[in-house]
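# A closer look at the structure
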Amino acid sequence: MALPLNIYFKADTADKQAVKVLPVKEGFSVSELPDFSDEARALITLAAKNARFTGKEGSLLEVVLPEKGNVRQYVLVGFGNDKAYDKAGAAVVARFLTSGLESLAIDLAAVKKKETAKAAASFAYGAVLRGYKLDNYRTTLSDDKKPSLKSLYFAEVDQKEAEKAWQPFSALAEGILFTRMLVTEPGNILYPESFVEHCKPLAEIGLSVEILDEAALREAGMGALLGVAQGSARSPRLLALRWNGTGKPDSRPVAFVGKGVTFDSGGISLKPGAGMEGMKWDMGGAGAVVGVMKALALRKAKADIIGVCGLVENMPDANAQRPGDVVKTMSGQTVEVINTDAEGRLVLCDVLTWVQKNYKPEVIIDLATLTGAMIISLGHEYGGLFSNCEKLADNLVKAGRSSGDALWRLPMGDAYDKLLDSHIADMKNVGPRYGGSITAAQFLKRFIDKDVRWAHLDIAGMVWADKADTFWDKGATGYGVRLLNQLVSDNFEK
Ligand code: BES
Ligand code: MN
Ligand code: ZN
């Protein structure tokens, strides 16, 4: 998948662009800008004053200035006090994506010389994230609503240095946009088999791709995952992507595990109709896992990571599992299925067992749009974090803070665990109504081996946005990719 904008670290030789962009810091002074005439500087000062423009991150000021007997439009964009070049890039693209302009030239005169390469790369990163739009199902969109912006040119920068700085940013952007594409695709297009088809080409960038079909899942004994899948006409899959960039063939990987319910109707415990269309993004955990694997491979991370996705559709046909059914998990433990809508944990438990048995990971992080209760707790500001390891939890919170994909830790404990005891089987798949996100986490913990450091991220409130924000338009956010990429680079790379 190509990025939505072409990024050039050189001048636009055609110089067609009518608009020049000047990133500035909070409290900038006009003397930092390129050599403008005194008259131009006075115009900028006046316009800034009239608009209360001071260079706050992501704020814009548009001015038209005389230039060599002609005029040119300039856009000052703030990167604030914290060098938020990415937010500046995103703000510019939000403004000009469908403006009719095809290119913008970004002049880094007001950025410190030794920082221009990084600033350009970070600006471009924010720009491409904000520039993503999936319009492939629109056939009647008028031309003036279609994205026009195609290219960004950064001239005042060392081309070699900037390209080097851009490499990891572009890898990350590609991963995030891949995730967003998968999350956006509707359930009739994206189902377990087609999800896997989208991921097969990742072999070309060096990932090893392993796929288990239905027969192989049965062979492995994944009774819980198969119980969810049995009410759907779509066949389930397990997808495993490995990136070993350590150079050691026998290292124990870090495992990322994703819930990939390509559509969650609730099954026989059918969900209410209103809003059910949103359950196409119930594969957001799996989407994040494959997105980060793509990013890690593209930037050739020096880490050993395996990403595993449990892919199923949860539907209520005549063959569907019933409330009250007892299923046998791959671990050997049995589960009484009280509510067929608590399907994510039934999928994840078998995938967790499979990855521990086959890859002996030291660390496991699972990502899942697991509970509506998570959205009740944290809204759309933080993903929920549950862990059996203080250090891992701390590192995740830190990575969340620095990457922008924020996390908030919630408690676990035996009193919650007890709530899952069943009269007929080893456990029930749901607890009582209260603390629903915690009992879901406790359920998963029953499938984690003793010596394994594990964290569960309930990202139900994060994968889809009902309105545009700094780095995304309304729709899929790509949550989790930045987070895990950051976690790997902070903790698991040599
Ligand atoms: N995929 C849903 C969780 C969800 C709900 C995510 C709404 C985003 C928005 C999950 O499979 C589910 O249905 N969970 C149930 C669990 C309950 C039956 C214990 C829920 O949250 O209602
Ligand atoms: Mn459900
Ligand atoms: Zn679900």
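Residues numbered from 1 in each chain as written. Chains lettered and ligands numbered in written order. Predicted model: local features only at pLDDT ≥ 70, side-chain atom pairs only at ≥ 80, totals over all residues. Heavy atoms only, no water.

## Structural notes on the overall build of the chain
The criterion, for reference: Counting from the N terminus, the helices are DSSP H or I runs at least four residues long and the strands are E runs at least two residues long. Note that the radius of gyration is over C-alpha atoms, with the globule rule given as 2.2 Å times the number of residues to the power 0.38. Throughout, exposure labels follow a simple rule: accessible area from a 1.4 Å probe, protein chains only, divided by the maximum for the residue type, with under 20% read as buried, over 50% as exposed, and the rest as partly exposed. We call two residues in contact when some of their heavy atoms are within 4.5 Å. Throughout, the Shrake-Rupley method with a 1.4 Å probe supplies accessible areas, and for residues the shown protein chains are the sole cover considered. The charge count includes Lys and Arg as positive and Asp and Glu as negative, but it does not include His or the ends of the chains. Lysine's charge is taken at NZ, arginine's at CZ, aspartate's at CG and glutamate's at CD.
Each helix and strand in the chain was counted, giving 14 helices and 19 strands. The C-alpha radius of gyration of the chain comes to 25 Å, within 12% of the 23 Å expected for a compact globule of 494 residues. With the C-alpha coordinates aligned to their principal axes, the bounding extent of the chain is approximately 85 × 50 × 40 Å. For the chain, the proportion of its 494 residues judged to be buried stands at 56%. Within the chain, contacts between residues at least 6 apart in sequence are counted, and of these 78% link residues at least 24 apart. Element-wise, carbon and sulfur atoms account for 51% of the exposed surface of the chain, whose accessible area totals about 21100 Å². Positive and negative side-chain charges in the chain, numbering 60 and 61 respectively, have mean positions lying 3 Å apart.

## Examining the nonpolar core
Put simply, the test is: For this analysis, a nonpolar core means a set of buried residues of the types Ala, Val, Leu, Ile, Met, Phe, Trp, Tyr and Cys, connected via side-chain atoms within 4.5 Å. Delimitation of the domains relies on an automatic or database domain assignment.
Residues L104, F123, L152, F154, F195, F256 and I365 are the most contacted members of the largest nonpolar core, which totals 104 residues. Ranked by residue count, the leading element in this core is helix α4 (residues 159-184), at eleven residues. Counting only domains with at least three residues in this core, you end up with domain 1 (6-157) and domain 2 (173-491). With sequence-adjacent residues up to four places away left out, F256 is seen in contact with V289, V292, M293, L296, I305, I306, G307, V308, I365, L484 and V488.

## Focus on the coordination of the manganese ion (ligand 2)
Heads up, the rule is: For Na, K and Ca the donor cut-off is 3.2 Å, and for all other metals it is 2.8 Å, counting N, O and S atoms only; because water is absent from this set, sites may look incomplete. Working rule for geometry: tetrahedral if four donors all subtend angles between 85 and 135 degrees; square planar for four, octahedral for six, if opposite donors exceed 155 degrees and the others stay between 65 and 115; irregular in every other situation.
Listed as protein donors to the manganese ion (ligand 2) are D264 (OD), D341 (O), D341 (OD) and E343 (OE); their distances from the metal cover 2.0 to 2.2 Å. Between the six donor atoms coordinating the manganese ion (ligand 2), the angles at the centre fall across 71 to 167°, so the site counts as irregular. Sequence spacing among the residues donating to the manganese ion (ligand 2) works out to D-x76-D-x1-E. Between the manganese ion (ligand 2) and the zinc ion (ligand 3), both coordinated by D264, there is a metal-metal distance of 3.2 Å. Residue D264 is located in strand β9 (residues 254-264), and its partner D341 is located in the loop between β12 (334-336) and α9 (344-359); the two are separated by 77 residues in the primary sequence. Given the relative accessible area of 3%, D264 is considered buried. Take D341: its relative accessible area is 22%, and that puts it in the partly exposed class.

## Looking at the UniProt feature "binding site: Mn(2+) 2" (unreviewed entry) in the chain
Quick note on the threshold: UniProt positions are given in the numbering used here, feature names are shortened, and annotations may be inferred rather than shown by experiment.
Look at the UniProt record and you will see "binding site: Mn(2+) 2" (unreviewed entry) annotated at K259, D264, D282 and E343. For the annotated residues, spread through 85 residues, the largest C-alpha to C-alpha distance comes to 11.2 Å, consistent with a single compact locus. The residues touching D264, leaving out its near neighbours within four places in the chain, are K271, M276, M279, D282, N314, D341 and E343. With respect to the element layout, D282 can be found in the loop between β9 and α8 (284-298). Not counting chain neighbours up to four residues away, the residues in contact with D282 comprise K259, G260, V261, D264, E343 and T369.

## Quick word on the packing of α8 against helix α14 (residues 481-491)
Selection criterion: Throughout, an axis means a line fitted to C-alpha atoms (over the contacting stretch in the case of helices), and angles, computed between N-to-C directions, take values from 0 to 180 degrees. Oblique is the label for any angle not covered by the other classes, which are roughly parallel (under 35 degrees), roughly antiparallel (over 145) and roughly perpendicular (65 to 115). Less than a right angle of anticlockwise turn of the near helix away from the far helix marks a crossing as left-handed, whereas a clockwise turn marks it as right-handed. Side-chain classes follow a simple rule in which Ala, Val, Leu, Ile, Met, Phe, Trp, Tyr, Cys and Pro form the nonpolar group, Asp, Glu, Lys and Arg form the charged group, and the remainder, Gly included, forms the polar group.
One can describe the packing of α8 onto α14 by two numbers: an axis separation of 8 Å at closest approach and a directional angle of 50°. The orientation of α8 with respect to α14, classified from their angle, is oblique. Here the hand of the crossing between α8 and α14 comes out right-handed. Only V481, L484, N485 and V488 of α14 make contact with α8, whose side of the interface consists of A288, G291, V292 and L296. Here the residues of the contact of α8 with α14 sort into six nonpolar, two polar and no charged.

## Things to note about the UniProt feature "active site" (unreviewed entry) in the chain
In the numbering adopted here, UniProt assigns the feature "active site" (unreviewed entry) to K271 and R345. Topologically, K271 is positioned in the loop between β9 and α8. In this structure K271 touches D264, S265, G266, M276, M279 and D341, once residues within four positions along its chain are discounted. Topologically, R345 is positioned in helix α9. A relative accessible area of 6% places R345 in the buried class. Dropping the residues within four chain positions of it, R345 is found in contact with L370, T371, N429, V430, A440, F443 and L444.

## Observations regarding the coordination of the zinc ion (ligand 3)
The zinc ion (ligand 3) binds to the protein through K259 (NZ), D264 (OD), D282 (OD) and E343 (OE), with metal-donor distances spanning 2.0 to 2.4 Å. Because the angles between the six donor atoms bound to the zinc ion (ligand 3) fall within 78 to 174°, the donor set is best described as octahedral. In primary-sequence terms, the residues that donate to the zinc ion (ligand 3) follow K-x4-D-x17-D-x60-E. Residue K259 is classed as buried on the basis of its relative accessible area of 1%.

## Looking at the site of ligand 1
Counted only if it meets this: Here a residue counts as near a molecule or strand whenever at least one of its heavy atoms sits within 4 Å of it. Nitrogen and oxygen atoms within 3.5 Å of one another constitute a polar contact, given that in protein one can donate a hydrogen and the other can accept it, and given that sequence-neighbouring residues count only through two side-chain atoms.
Near ligand 1 there are 17 residues, and of these K271, D282, D341, E343 and G372 occur at the shortest range. Between an oxygen atom of ligand 1 and a side-chain N or O atom of E343, the distance comes to 2.8 Å. Between a nitrogen atom of ligand 1 and a main-chain N or O atom of L370, the distance comes to 3.4 Å. In isolation ligand 1 offers 510 Å² of accessible surface; the protein chains occlude 77% of this area. Within the residue set of the shell around ligand 1, elements represented by two or more residues are β9 and α10 (372-378).

## Observations concerning helix α1 (residues 38-50)
Our working rule: Expected helix span is computed as 1.5 Å times (number of residues minus one).
Between the first and last C-alpha of α1 there are 18 Å, a value that for 13 residues agrees with the 18 Å anticipated at 1.5 Å per step. The inward-facing, buried residues of α1 contact β3 (60-67) and β4 (70-80). Backbone geometry just downstream of α1 places R52 in the positive-phi region, at approximately 50°.

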